[in-house]
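Each chain, letter by letter, is given below.
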Number of protein chains: 2
Amino acid sequence: MKKVYKAHIFYTKEKGRFEVIENGYIAVDGEGCVTSVGTDLPSVGGEVAEIIDFGDRLLIPAMNDLHVHAPQYRNQGLAMDLELLPWLQNYTFPEEMKYADTVYAERMYRRFVCDLWRFGTMRACVFATIHTESTRLLMQFFQEAGMGALVGKVGMNRNCPEGLSESVESMVQGYESLLTINYPLVRPIITPRFVPSCTPEMLRACGQLAEKYQLPVQSHLSENKDEIAWVAELEPESTCYGDAYDRYGLFGQTPTVMAHCVWTEGEELELIKRRGVVVAHCPTSNFNVASGMAPIRRFLNEGLRVGLGSDISGGHDLSIFRMMVYAIQVSKMHYQQNHQLPFLSLSEAFWLATKSAGSFFGRVGSFEPGYEFDALVIDDSDLNFDHYTLLERLERYIYLGDDRQIVHRFCRGKEIKIF
Amino acid sequence: MKKVYKAHIFYTKEKGRFEVIENGYIAVDGEGCVTSVGTDLPSVGGEVAEIIDFGDRLLIPAMNDLHVHAPQYRNQGLAMDLELLPWLQNYTFPEEMKYADTVYAERMYRRFVCDLWRFGTMRACVFATIHTESTRLLMQFFQEAGMGALVGKVGMNRNCPEGLSESVESMVQGYESLLTINYPLVRPIITPRFVPSCTPEMLRACGQLAEKYQLPVQSHLSENKDEIAWVAELEPESTCYGDAYDRYGLFGQTPTVMAHCVWTEGEELELIKRRGVVVAHCPTSNFNVASGMAPIRRFLNEGLRVGLGSDISGGHDLSIFRMMVYAIQVSKMHYQQNHQLPFLSLSEAFWLATKSAGSFFGRVGSFEPGYEFDALVIDDSDLNFDHYTLLERLERYIYLGDDRQIVHRFCRGKEIKIF
């Protein structure tokens, strides 16, 4: 049966402008897709439709997290005193080794999925670990919750502790076993950790898997200067870090998202553009791990596809609303240095988190007809104590709100209730 | 009667190190001052003492906000699209004009004080507006709450709308009438808005008031490059922005706090040091208004006194815990540029927000004997779902927690309950 939702509706069809419909209606069909959005109660062609009135609340697309490490959940908000490479060795790899134990994995992954839900993230590109069984559990918990995810069993076979190294053969077998799982909203994604963790054989096998099964790809790119120098040493024939993925079929040959790109420029930027690679901008992580500030305005000027990522536990905050605020702030520091680079507007940041990031999951992140209905209902009555305009209410929610104001969550048309 | 509090106790006697006492005790006398802190139940010299056991909770000094604009409370989380000078003209001055109306002021100021309380801030250096009656109300609400504040009726008589301009004479009279109020924890502070808003006569009168009544001083300093250029034009005889205050007796002649200092260097830095002026670092505001990133490590290396400020509504977040996170992040961007400038440790950021900032209010911000007992009790049981160490629990609270985990608040020994 069709459903019709009534509320104050916001979305971004284009990056520079909010669509705002006061007391508007969205009709959603039995497949969970938007069939109409507008100011009038839609005709549903003689069908019976249930009308759900959210009154004075705000109805917005749900959040998409383009880069998050589920097995770093326990370390969220911890271990903020090192840069990327020693941070991995000292804090992150020891934690990820624990996921050989599926009992530990279950306990942490259930909490992790709940927390994504809590902050309104309905789709995520997730790194798991090398462990196939734990990764399978993580996929299962997303499926049970009804949320969408691309889940990556991680490929790693060098420069890491023994317990996090896996043979190429075992990696391929693990992936092929995960491919037998058939969930409507949860799929595997090929996930070489990053070039320093993967031998050429591992990278090649990842690229072959992606091509053979037409799987998407995720990894890290140009996050930190020491890392970039290391990659140049490890892959001396590559013309840039991005090229080191490209040569193995891991850079846009299938849909690809690369996290960070803090120091991407010149040839790498051109390659990202040519290959249609999506950039996952992770501003809090880039602060916390002292990586730097990614030049998102330049990327947008070049027409690159960009979304936002929490990057737990380099990042400390799972809220993609908070990532919008940080993305604007980072862009303001670039603007302060160079007024030729206008900082991100709120609607641009919102578009990054919704329609732009959502495109990696399909027709997700907008309320245009044909889009899957991923949505949040926001009760901002505690923040709305004066005569604020609708756009001011949204802005205040993004800057000041948290999980308490999110009162309903939908993924592909279905209300998602975890607790 | 003496009270003895038992919990896991944290404070920073020195800036680089936490004092951590597992299941420790703090004894507080009838004046609200700490008489002992340690691992053992203190002897209270034959007196009867009430023992309050907070069990597994964390007990930390309360937060101090060294720079916040109460009449910008309605604009919190709004109007993030302009730099300082046009931001003042377009958003801030029109809002502040509303405080001619004491009914409006009462409604907003009551909420503002509640929100400071909510986020665990027990002492604040507050800008009000030019309006004496509204400022009096704000002082009264702090007093009624039992919280500490230095409240500044703002001096302004140029480069602002007529409704925010006041004659020097009226400013002086207003201050003298506020000085007749006798609250134990709430006092006026001399508050020229900033040099561009004050004629030389206004600045001189402010300096004279500060000297005559031995009042502290607060203002803004070197926040934005356009502002600094404007000050150089307006006060051509000054050798730097700070000197433009100093020449009028507003730069450390009495205890002085200056907000921002984003672009302070050279002579101005020397003058701040020589005069013992306290710097209120407002990192979120400096991002939001695209001002820049203040060089706090340099200031600490020079031995300057520094605290943290939310700077609502340039800043969008009232939580001083969030300011600690931002301060560390800003210092990491300086470190990323120059590894000779180590980024702030968590204990340094904590010290900035507690003992360092607290010193502006007296013996506030630590649990050493003789300090006023300003404290928060944190129930982090929702965050503490694994075997975290005590320091990890504190770090996770600072990075991930919010007002929900603050279950008791004390100011000068008295529990403060607003709701």
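You'll find the structure just up there.
Residues numbered from 1 in each chain as written. Chains lettered and ligands numbered in written order. Predicted model: local features only at pLDDT ≥ 70, side-chain atom pairs only at ≥ 80, totals over all residues. Heavy atoms only, no water.

## Examining the sheet that holds strand β15 (residues 375-378) of chain A
So, step 1. Pairing is mixed in the open sheet, where 7 strands are placed in the order β3-β2-β1-β4-β15-β16-β17 (chain A). Each edge of the open sheet carries a strand with a single partner, namely β3 (34-38) and β17 (414-415) of chain A. (Pairing = 2+ DSSP bridges. Helix = DSSP H or I, 4+ residues; strand = E, 2+ residues; numbered from the N terminus.)

## Details of the packing of helix α3 (residues 132-145) of chain A against helix α4 (residues 168-178) of chain A
Residues and elements named next belong to chain A.
So, step 1. In the contact formed by α3 and α4, the axes pass within 10 Å of each other and the chain directions differ by 25 degrees. Classified by the interaxial angle, the pair formed by α3 and α4 is roughly parallel. Like other packed secondary-structure pairs, α3 and α4 cross with a definite hand, here right-handed. Two secondary-structure elements touch here, α3 through Thr132, Thr135, Arg136 and Met139 and α4 through Gly174, Ser177 and Leu178. (Axes fitted to C-alpha atoms, helices over the stretch in contact; angles between N-to-C directions. Parallel < 35°, antiparallel > 145°, perpendicular 65-115°, else oblique. Left-handed = near helix turned anticlockwise from the far one by under 90°. Contact = heavy atoms within 4.5 Å.)

## Details of the relation of the copies chain B and chain A
So, step 1. Expressed as a screw transformation, the operator carrying chain B onto chain A has a rotation angle of 180 degrees and an axial translation of 0.0 Å, and the superposed copies differ by an RMSD of 0.0 Å. When the rotation and shift are considered jointly, the pair of chain copies conforms to a two-fold rotation axis.
So, step 2. Interface overlap between copies: 100% of the residues of chain B at the interface are likewise at the interface in chain A, consistent with a symmetric, same-surface contact. (Least-squares fit on C-alpha atoms with pLDDT ≥ 70 in both.)

## Remarks on unusual backbone geometry
So, step 1. Across the junction of Ile312 of chain A and Ser313 of chain A, the peptide omega takes the value 0 degrees, indicating a cis bond.
So, step 2. Within the element layout of this structure, Ser313 of chain A appears in the loop between β14 (305-308) and α11 (320-337).
So, step 3. Phi angles above zero are rare outside glycine, and Asn159 of chain A is one such case at about 55 degrees.
So, step 4. Position of Asn159 of chain A among the secondary structure elements: in the loop between β8 (154-155) and α4.
So, step 5. Overall, Asn159 of chain A belongs to the partly exposed group, its relative accessible area being 35%.
So, step 6. Positive phi, close to 55 degrees, is recorded for Cys261 of chain B, a residue that is not glycine.
So, step 7. Counting through the fold element by element, Cys261 of chain B comes out in the loop between β12 (256-260) and α8 (266-275).
So, step 8. For Cys261 of chain B, a relative accessible area of 0% corresponds to the buried category. (Buried < 20%, exposed > 50% of the residue type's maximum accessible area, 1.4 Å probe, protein only.)

## With respect to the side chain of Ser313 of chain B
So, step 1. Given a relative accessible area of 2%, Ser313 of chain B falls into the buried group.
So, step 2. Those residues in contact with Ser313 of chain B, other than ones at most four positions away along the chain, are Gln72, Asn75, Gln76, Met80 and Trp87 of chain B.

## Things to note about the packing of α11 of chain A against helix α11 (residues 320-337) of chain B
So, step 1. Their axes nearest at 14 Å, the elements α11 of chain A and α11 of chain B cross at an angle of 40 degrees. The handedness of the crossing between α11 of chain A and α11 of chain B comes out as right-handed. Of the residues in α11 of chain B, those in contact with Val325, Tyr326 and Gln329 of chain A of α11 of chain A are Val325, Tyr326 and Gln329 of chain B.

## Some words on the pairing of strand β16 (residues 406-411) of chain B
Residues and elements named next belong to chain B.
So, step 1. In terms of burial, β16 is a largely internal element, 5 of the 6 residues being buried.
So, step 2. Looking at chain direction, strand β15 (residues 375-378) and β16 are connected through 4 bridges and run antiparallel. The partner of Val377 across the bridge, within β16, is His408.
So, step 3. Of the strand pairs in this sheet, β16 and strand β17 (residues 414-415) are connected by 2 bridges, and their pairing is antiparallel. For Phe410, the partnering residue across the bridge sits in β17 and is Glu415.
So, step 4. Joining the antiparallel neighbours β16 and β17 is a turn of 2 residues, in which Arg412 adopts a positive phi near 40 degrees.

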